[in-house]
Every structure is written in structure tokens, then in C-alpha cells.
Amino acid sequence: MNYERQPYRRCGRSGLLLPAVSLGLWHNFGGGKPLDSQRDIFHKALDLGITHFDIADRYGPPLGAAESAFGRLLPRSLRDEVVVTTKGSNPMWDGPYGKGNSRKHLLATLDRSLARLGLDYVDIYYLHREDPETPLEEQVATLDHMVRAGKVLYVGVSNFSPERTAEAARLLRELGTPLLVHQPSYSLLNRRIEQSLLGVLEQEGVGCVVYSPLAQGLLTDRYLDGIPADSRAAEGRFLTADRVTPQVLDFVRALSRVAEARGQSVAQLALAWALRDSRITSVLVGASSPEQLEANVAAVDRLDFTDDELAAIDRAAKESGVEV
């Protein structure tokens, strides 16, 4: 484990530190991926100071495959050196109790996650999305129960509105189990959390771990000349070709010029830009190879931005006509 490779940031007003760049297991730890390649990525993550691994019960395919793979990869001798997270809410089995944020479903799916991971507890457990049909009081009481039962150390929410986040934070505070973290989508192509959510998190003392900071690969050098044949957009995997518009390509090309002047790739620029805000605790990146992960973590080597660089980025978005 190399703790010197990257900075660690405090998660909200808690005592927990997370690396600036964390590894998400959404795409590359499912079925059909060789365990040896997954192990290589995991070991590279440790070498790069990544101590935070983000998973969800649904990540695969098939469902649960990412948790099972990580359970095989994590040496028990390292358990106290890493932060393991997972999430509930997702449709996981048939019938009325196989999805949502009811106490019935959440407790059952947590136990299944722990069994796949081979762990007694997870460090962070998230409600993956809002469930308007279940009272929020029931949802947060279930999170509080998980902590008191020793199966979860911290709790978070993901994809919650600012209003629901503030209410969840208030209810959890009253129960004595603070809301640790929110996990929203955030990137140069999706800046909606700047409107009000980040303000709520700052006020409530809640950390922010963002997913899709590279916009499913759009914010990389891969699309500078169009859509590669082997890309996610070409294959329709999590990113569809209709999102790769001329406006987006113009914006990415403009970002490439700024990145080149900074000595970075587009991806490194995009990650550094997301981390420019002190309210962002960590950015989640996926990786299809150790080399790709190492290149992404290199973003931390240049996290400072001049006012002119930030202005150039904002101007490029406006001139390209990109909706952010």
C-alpha cells in the first residue's frame, strides 16, 4: 500500500479520510472478466494509494458479480486498511420484497451483499436511489439499525435530491447516526449539483463522492476524432452514440487544448477539475487495465487551476453550446 501517491480528504465533518481518486467496480468487475485481470487492477489500485472501493449489490452482470469478485480479491489481512462500500435499493430478485428501500428489502439485500463479499461489515452503505413509496423515516431508521447491528460503519445516500438529502440528514442526526456522504453524478458535462446540492452538503457536514466524472468516457482523448469502433458509445454500453454530439466533441477538443497546456490528458484534466472544489471528497473512476488506472490517478499531480484556465473551460462550454 502506497499512502504517499495521492492526497486523502476528510469526508464531510467525519473522521474518515478517503483518497482523492477511488476505484469504482461498476463496469469491469462483472462476469466474463478474467479474475487475473481484476486482480491486476486491484493490486495496482493499492500501489496507487487507493484505499476506497465502491461497489453495489447490482453491479455485474450478473447481479452481485462485482461483490463476489471483490470478495475473492481482498486479502483478509488488508481488511482494516481499506474502505469497502456497497449499496441497496436495486431490483435484485422477483416479488414485492426484491427492490426498494423498505426495511424488509434493505436488511435482506445487505445480508446477501455481505455473504458475497465474505465480510462481517461494510464501511459505507448507501441507499442507491430515492424510494418515494417508502417513508423516509423507515429508510433512515433501517440505516441506523444496520449501524447499531454492527453490519455497517457509516451510511450514505446516492442520487437523492437536495431536499431529500437535507431531510435524511436531519432524521439521521436525530437518531444519532450522522449521514456521512452523498454520491451524485458530476462532471464537466453534468454540473447540476453545483446549483444547490453541494450547498446542502456543506451546510449539513456531509461528504461528496462523485461518480461518472469522465461522463462514461466522453471526457477522454478517445472521442477527439469521433466514435471509435470499440468504444462504449459504439457498443451502446452505458453510453449511446446520440450523446456524442458535435457540440460535445467541440467541447472535448477545446478541453484537450487546455489539458495539453497543463501537461495533462483530457481525462486527467476532467478529474482534477472535479476535485478543484474542496466539497468534493473523492472521484470514482473505473479501469479496464492497470495502466488506465495509473493514468487517471496521475490527475492528482496537478490539481491547481488558474482563474484563466477555469474561465477558458467555462467559455469553451458556452461556445460549444453544451448543456451542463
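Everything in this summary refers to the structure shown in the same document. (Residues numbered from 1 in each chain as written. Predicted model: local features only at pLDDT ≥ 70, side-chain atom pairs only at ≥ 80, totals over all residues. Heavy atoms only, no water.)

As for the nonpolar core
What counts, and what does not: By convention a nonpolar core is built from buried Ala, Val, Leu, Ile, Met, Phe, Trp, Tyr and Cys residues, the set being connected through side-chain atoms within 4.5 Å. A 1.4 Å probe rolled over the protein chains alone gives each residue an accessible area, and that area as a share of the maximum for its type sets the label: buried under 20%, exposed over 50%, partly exposed in between. The criterion used for residue contact is that any of the two residues' heavy atoms lie within 4.5 Å.
With 90 residues, the main nonpolar core has L23, F53, F70, I280 and L293 as its most contacted residues. L23 has contacts with F29, I41, A45, I50, H52, F53, D54, L284, V285, G286, A287 and L293, leaving out every residue within four places of it along the chain.

Focus on the side chain of S89
Going by this rule: Here a helix means four or more residues in a row that DSSP labels H or I, a strand means two or more in a row labelled E, and each is numbered from the N terminus. Contacts described as polar in this section are N or O atom pairs within 3.5 Å, which, within protein, must combine one atom able to donate a hydrogen with one able to accept it, while residues neighboring in sequence count only if both atoms come from side chains.
Considering the arrangement of structural elements, one finds S89 in the loop between strand 5 (83-88) and helix 3 (103-117). Under the relative-accessibility criterion, S89 is labelled buried at 6%. Reaching out from S89, the side chain makes a polar contact with the side chain of N101 at a distance of 2.5 Å. Dropping the residues within four chain positions of it, S89 is found in contact with K99, G100, N101, H105, L106, L127, H128 and R129.

A look at the pairing of strand 8 (residues 179-183)
The line we're drawing: At least two DSSP bridges between two strands are needed for those strands to be called paired. Call a crossover right-handed when, viewed with both strands pointing away from you, the route from the first strand across the helix to the second goes clockwise.
Judged by how many residues are buried, strand 8 sits mostly within the fold: five of five residues are covered. Bridge count between strand 7 (residues 152-158) and strand 8: four bridges; the pairing is parallel. When the sheet's bridge partners are listed, G156 is paired in strand 8 with V181. Of the crossover connections in this fold, the one passing from strand 7 over helix 5 (residues 162-175) to the parallel strand 8 is right-handed.

Quick word on the packing of helix 4 (residues 136-148) against helix 5
Filter applied, for reference: Convention adopted: a line fitted to C-alpha atoms gives each axis, helices being fitted over their contacting stretch, and angles between N-to-C directions are expressed from 0 to 180 degrees. Working rule for angles: under 35 degrees goes down as roughly parallel, over 145 as roughly antiparallel, 65 to 115 as roughly perpendicular, anything else as oblique. Here is the rule for handedness: rotate from the far helix to the near one, and if that takes an anticlockwise turn smaller than a right angle the crossing is left-handed, while a clockwise turn gives right-handed. In this classification, the charged set is Asp, Glu, Lys and Arg, the nonpolar set is Ala, Val, Leu, Ile, Met, Phe, Trp, Tyr, Cys and Pro, and all remaining amino acids, among them Gly, are polar.
One way to put it is that helix 4 packs onto helix 5 with a least axis distance of 10 Å and a crossing angle of 45°. Between helix 4 and helix 5, the angle falls in the class oblique. By crossing handedness, the relation of helix 4 to helix 5 is classed as right-handed. For the pair helix 4 and helix 5, contact is made by L136, E137, Q139, V140, A141, L143, D144 and R148 and by R164, E167, A168, L171, L172 and L175, respectively. Taken together, the residues that form the contact of helix 4 with helix 5 break down as eight nonpolar, one polar and five charged.

Things to note about the sheet that holds strand 9 (residues 207-210)
Spatial strand order, 3-4-5-6-7-8-9-10: eight strands in a closed barrel with parallel pairing. Sheet twist, expressed as the average angle between the axes of neighbouring strands with direction ignored, equals 30°. Summarising the sheet, strand 9 and strand 10 (residues 282-285) pair through two bridges and their orientation is parallel. The residue of strand 10 that forms the bridge with V210 is V283. The strands touched by helix 4 within the sheet are strand 6 (122-127) and strand 7, with strand 7 carrying the most contacts at an inclination of about 155°.

A short note on helix 8 (residues 246-262)
Which entries qualify depends on this criterion: In a helix, the anticipated span is given by 1.5 Å times the number of residues less one.
The end-to-end C-alpha distance of helix 8, which contains 17 residues, comes to 25 Å, matching closely the 24 Å that a straight helix rising 1.5 Å per residue would cover. Where the residues of helix 8 are buried, they touch helix 9 (266-274) and helix 11 (307-320). Just downstream of helix 8, G263 is the residue with a positive phi angle, here 75°.

What to know about the packing of aromatic side chains
Keep this limit in mind: What counts as a ring pair is set by centres within 6.5 Å for rings of Phe, Tyr and Trp (its six-membered ring), and what kind of pair is set by the plane angle: stacked under 30 degrees, edge-to-face over 60, tilted for all other angles.
This model, assessed by the stated rule, comprises five aromatic pairs. Ring centres of F42 and F70 lie 5.7 Å apart, and the angle between their planes is 85°; on these two criteria the pair is classed as edge-to-face. Of this pair, F42 sits in helix 1 (residues 35-47) while F70 is found in helix 2 (residues 65-73), placing the two residues 28 residues apart along the sequence. The pair F42 / F70 is uniform in exposure class, with both members buried.

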